[in-house]
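For reference, the chains in residue letters:
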Amino acid sequence: MSNEKNALDAMLAQYEKNNAPRPVKTEAKVYDLKNYFNTYIKEGIKSATKQIRILPSQDGTSPFVEMYAHKVQIDGEWKTLPCLKHEKDEACPFCEANDALRATGKESDKELAKKYNAKLFYIVKVIDREHEDEGVKFWRFAHDWRKEGILDKIQGVLLAIKKDVTHPATGRDLSITINRNQLGKPTVSSVSHMDPTPLSEDSDTANSWLGDTRTWEDVYATKSYDFMEIVVKGGVPVWNKEEKRFVDKESVKNDGGDNIEAELTMGVENVKANIKPATVKAPVSNDDDSDELPF
């Protein structure tokens, strides 16, 4: 009972911490669709319901792992790039551009700098009841400062039942309702809980799921500085096999392309000296809870 209470308390404490008032102002190891849970629904379908089970963490802490990333559009596709500064304690072109713009003191630049902010995401390991044969999946979604996001809806369930939904024996599946918003984009509209059930009726299956030690870094890509620098400058990174580094697609488009490979699927001049803010696109809403596939 104490472990169940500790896990519940950890999830509730994490939610409160990330919704406190704010001051005014590696390559992925495996690229397999089976590793990812998402709330995408096919065109023509207006709504859908998915049933999941959130897995407990290995150490009894909150299962919602926090990750900071930059969400941008590259060559027409939205990508979520883990922040090198927050996740690796390394130089990050996006954060450098953010700092450079804010340093000018201009209100217009401060507003533009928001495009380069690192956003808080949560990643949680789940079992997709519709595809149990595919094993443990990773679900990534954005924190919503308006308190209208996915975690807010899950928080409502936790406060209502005051039980650890991740407990292997007495936890509960969650029902995820997805509807299209006014822009036609699939959005999680509600989360509800099911009756208490074991994680699996088969002990070997349950132990296999609980024993999965992978972290988000095993399935989501952390890109290199040179890759992200090209994106910040408005370019499209491609891999130059001969030079063994990322280059801007525009700079090699006329050489026949024999030595380049597209690297949009996963993956020095100081950026402060040559940023092109207008070329970087950011989401219409920075609190968008949807997530594109990682490749």
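That block above? That's the structure.
(A) A look at the overall build of the chain. Of the regular secondary structure elements, the chain holds 8 helices and 11 strands. Surface exposure of the chain reaches about 15,400 Å², of which carbon and sulfur atoms provide 50%.

(B) Molecular detail of the packing of helix 3 (residues 93-103) against helix 7 (residues 225-232). Put simply, helix 3 and helix 7 touch, their axes get as near as 8 Å, and they point 45 degrees apart. In this view, helix 3 runs oblique relative to helix 7, as classed from their interaxial angle. Between helix 3 and helix 7, the residues in contact are Pro93, Phe94, Glu96 and Ala97 and Tyr225, Met228, Glu229, Val231 and Val232, respectively.

(C) The packing of aromatic side chains, seen in detail. Counted according to the given criterion, the structure contains 8 aromatic pairs. Summarising the aromatic geometry, the rings of tryptophan 239 and phenylalanine 246 are spaced 5.0 Å apart at their centres and angled 75 degrees between planes, so their arrangement reads as edge-to-face. Grouped by ring-pair contacts, the aromatic residues Phe37, Phe64, Tyr122, Trp139 and Phe141 constitute a single cluster. The residue whose ring lies beneath lysine 50 is phenylalanine 37, and the NZ or CZ to ring-centre distance is 5.5 Å. Over the aromatic face of phenylalanine 227 sits the side chain of lysine 223, whose NZ or CZ is 4.5 Å from the ring centroid.

(D) How the structure looks around the side chain of threonine 39. Along the chain, the position of threonine 39 falls in the loop between strand 1 (36-37) and strand 2 (47-54). On the basis of relative accessibility, which here comes to 8%, the residue threonine 39 falls in the buried class. Those residues in contact with threonine 39 that sit more than four places away from it in its chain are Lys50, Trp139, Ile176, Ile178, Pro186 and Val188.

(E) Representation of the pairing of strand 9 (residues 237-240) within the structure. Note that strand 9 and strand 10 (residues 245-248) share 4 bridges and pair antiparallel. Of the residues in strand 10, the one forming a bridge with tryptophan 239 is phenylalanine 246. Between strand 9 and strand 10, which follow one another and run antiparallel, lie 4 residues, and lysine 244 among them has a positive phi close to 55 degrees.

(F) Molecular detail of helix 7. Within helix 7, 6 of the 8 residues are buried, which leaves it mostly tucked inside the rest of the structure. Three or more residues of helix 7 are buried, namely Phe227, Met228, Glu229, Ile230, Val231 and Val232. Those residues of helix 7 that are buried lie in contact with strand 3 (65-74), strand 4 (77-82), helix 2 (84-88), helix 3, strand 9 and strand 10. Directly beyond the C-terminal end of helix 7, a positive phi value near 90 degrees is found at glycine 234.

(G) Up close: the nonpolar core. Within the largest apolar cluster, 26 residues are counted, with the highest numbers of intra-cluster contacts made by Phe64, Trp139 and Ile154. For this core, the elements supplying multiple residues, two or more each, are helix 1 (2-18), strand 2, strand 5 (119-128), strand 6 (136-142), helix 5 (150-161), strand 7 (172-180) and strand 8 (186-196). Once you skip the residues sitting within four places of it in the chain, tryptophan 139 turns out to touch Phe37, Thr39, Ile52, Tyr122, Ile123, Val124, Val126, Ile150, Ile154, Ile176 and Tyr220. In this structure, Cys83, Cys92, Ile230 and Val236 belong to the second largest nonpolar core, which totals 19 residues.

(H) Structural context of the pairing of strand 6. Most of strand 6 is tucked away: 7 of the 7 residues are buried. Neither face of strand 6 is open: one carries Val136, Phe138, Arg140 and Ala142, the other Lys137, Trp139 and Phe141, and all of them are buried. Where strand 5 lies against strand 6, 7 bridges are found, and the strand directions are antiparallel. The residue bridging valine 126 from the neighbouring strand is lysine 137, located in strand 6.

What counts, and at which threshold
Residues numbered from 1 in each chain as written. Predicted model: local features only at pLDDT ≥ 70, side-chain atom pairs only at ≥ 80, totals over all residues. Heavy atoms only, no water. Helix = DSSP H or I, 4+ residues; strand = E, 2+ residues; numbered from the N terminus. Areas by Shrake-Rupley, 256 points an atom, 1.4 Å probe, with all protein chains shown as cover. Axes fitted to C-alpha atoms, helices over the stretch in contact; angles between N-to-C directions. Parallel < 35°, antiparallel > 145°, perpendicular 65-115°, else oblique. Contact = heavy atoms within 4.5 Å. Phe/Tyr/Trp six-rings, centres within 6.5 Å; stacked < 30°, edge-to-face > 60°. Lys NZ or Arg CZ within 6 Å of the ring centre and 35° of its normal. Buried < 20%, exposed > 50% of the residue type's maximum accessible area, 1.4 Å probe, protein only. Pairing = 2+ DSSP bridges. Core = buried A, V, L, I, M, F, W, Y, C linked by side-chain atoms within 4.5 Å.

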